[in-house]
Amino acid sequence: MEKLEQMYEGKAKKVFSCSDPNLCIVSYKDDATAFNGKKKGTIVGKGIVNNKMSNYLMSLLEKEGVPTHFVEELSERDTLVKRVKIVPLEVIVRNVAAGSFSKRFGVAEGTKLLAPTLEFCYKCDELDDPMCNEYHIIACGWATREDLDRITDLTFRVNAFLLKFFSSINVDLIDFKIEFGKTADGTILLADEISPDTCRLWDATTHEKLDKDRFRRDLGNVEGAYLEMMKRIFG
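**Describing the side chain of Arg214**
So, point 1. Structurally, the position occupied by Arg214 is in helix α5 (residues 213-216).
So, point 2. Salt bridges are absent for the buried Arg214, whose nearest opposite-charge side chain, Glu208, sits at 4.1 Å.
So, point 3. Beyond its immediate sequence surroundings of up to four residues, Arg214 is in contact with Glu208, Lys209, Leu219, Gly220, Asn221, Val222 and Ala225.

Pasting the structure below:
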């Protein structure tokens, strides 16, 4: 399957059409951004890590009954996926207080939450992806009640699986952001990616950060953290 016309370019990926109108090709970049694009840089090899890790985790989630957009890995950076219309929501699960959650609620970073929390943000860079609730989402037509029920169910299933998976490689899943899309027939699929760009991942023993926070917070050894995740997952 070959790339045809470029349909979209985001902060971390490009999307191309291909010969099948129901599929497209996602190509992962090494570009890194933080704070809605206000901070920019490059993480060498990031695109390869994110592509391979995301594809592997989505293939495992498929076996757990979570439908995803993943079809086939074409190369180190390129993947064939089902074409979807992205639901304009960032869906965030938090297992441990960190980042904006700690700032908003004054909960010390690293505090284990009594239950996983679910947050929604409206996907809009111009507005800095504002946090929203189910009433806002339904009122603005970003998703229906049925969509939200399905997305919520799938999201908690993803969290339960990822907690167990990362624990098996001595990594704590602090929080993560996922996105969903709808196929032409209205089926909701897990889309976008699952990677150190979209998850907070800490070494379970040392609490060393193995994710994009190393870039956000200028902690250094960003490439090393991504490669460490690659090594733990693939050996």
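Let us keep going from here.
**Quick look at the sheet that holds strand β7 (residues 78-82)**
So, point 1. Spatially, the five strands line up as an open sheet ordered β1-β2-β3-β7-β6, and their pairing is antiparallel. Both outer strands of the open sheet, β1 (6-9) and β6 (70-73), are each paired with one neighbouring strand and no more. Pairwise comparison of adjacent strand axes, ignoring direction, gives a mean angle of 25 degrees for this sheet.
So, point 2. Across five bridges, the pairing between strand β3 (residues 23-28) and β7 is antiparallel. Within β7, the residue paired with Ile25 across the bridge is Leu80.
So, point 3. Contacts from helix α1 (residues 46-63) reach β3, β6 and β7, with the element oriented near 130 degrees to β6.

**What about the pairing of strand β9 (residues 89-96)?**
So, point 1. Among the eight residues of β9, eight are classified as buried, and the element is accordingly described as predominantly covered.
So, point 2. Inspection of the sheet shows β9 paired to strand β10 (residues 112-122) by seven bridges, in the antiparallel sense. Bridging across to β10, Val93 finds its partner in Leu118.
So, point 3. The sheet contact formed by β9 and strand β12 (residues 171-182) spans four bridges and is antiparallel. For Ile92, the partnering residue across the bridge sits in β12 and is Lys177.

**Thoughts on the environment of Met230**
So, point 1. Relative to the helices and strands, Met230 is located in helix α6 (residues 222-234).
So, point 2. Between the C-alpha atoms of Met230 and Val49, which are 181 residues apart in sequence, the distance is 6.2 Å.
So, point 3. Look past the residues within four positions of Met230 in its chain and what remains in contact with it is Ile48, Val49, Lys52 and Gly235.

**Some points on the side chain of Asn51**
So, point 1. As for its placement among the helices and strands, Asn51 is situated in helix α1.
So, point 2. Under the relative-accessibility criterion, Asn51 is labelled buried at 0%.
So, point 3. Leave out the neighbours within four places in its chain, and Asn51 touches Tyr28, Glu73, Ser75, Glu76, Arg77, Asp78 and Thr79.

Calculation rules
Residues numbered from 1 in each chain as written. Predicted model: local features only at pLDDT ≥ 70, side-chain atom pairs only at ≥ 80, totals over all residues. Heavy atoms only, no water. Helix = DSSP H or I, 4+ residues; strand = E, 2+ residues; numbered from the N terminus. Buried < 20%, exposed > 50% of the residue type's maximum accessible area, 1.4 Å probe, protein only. Lys, Arg positive; Asp, Glu negative; His and termini not counted. Salt bridge = Lys/Arg side-chain N within 4 Å of Asp/Glu carboxyl O. Contact = heavy atoms within 4.5 Å. Pairing = 2+ DSSP bridges. Axes fitted to C-alpha atoms, helices over the stretch in contact; angles between N-to-C directions.

Honestly, it's all geometry; don't read function into it.
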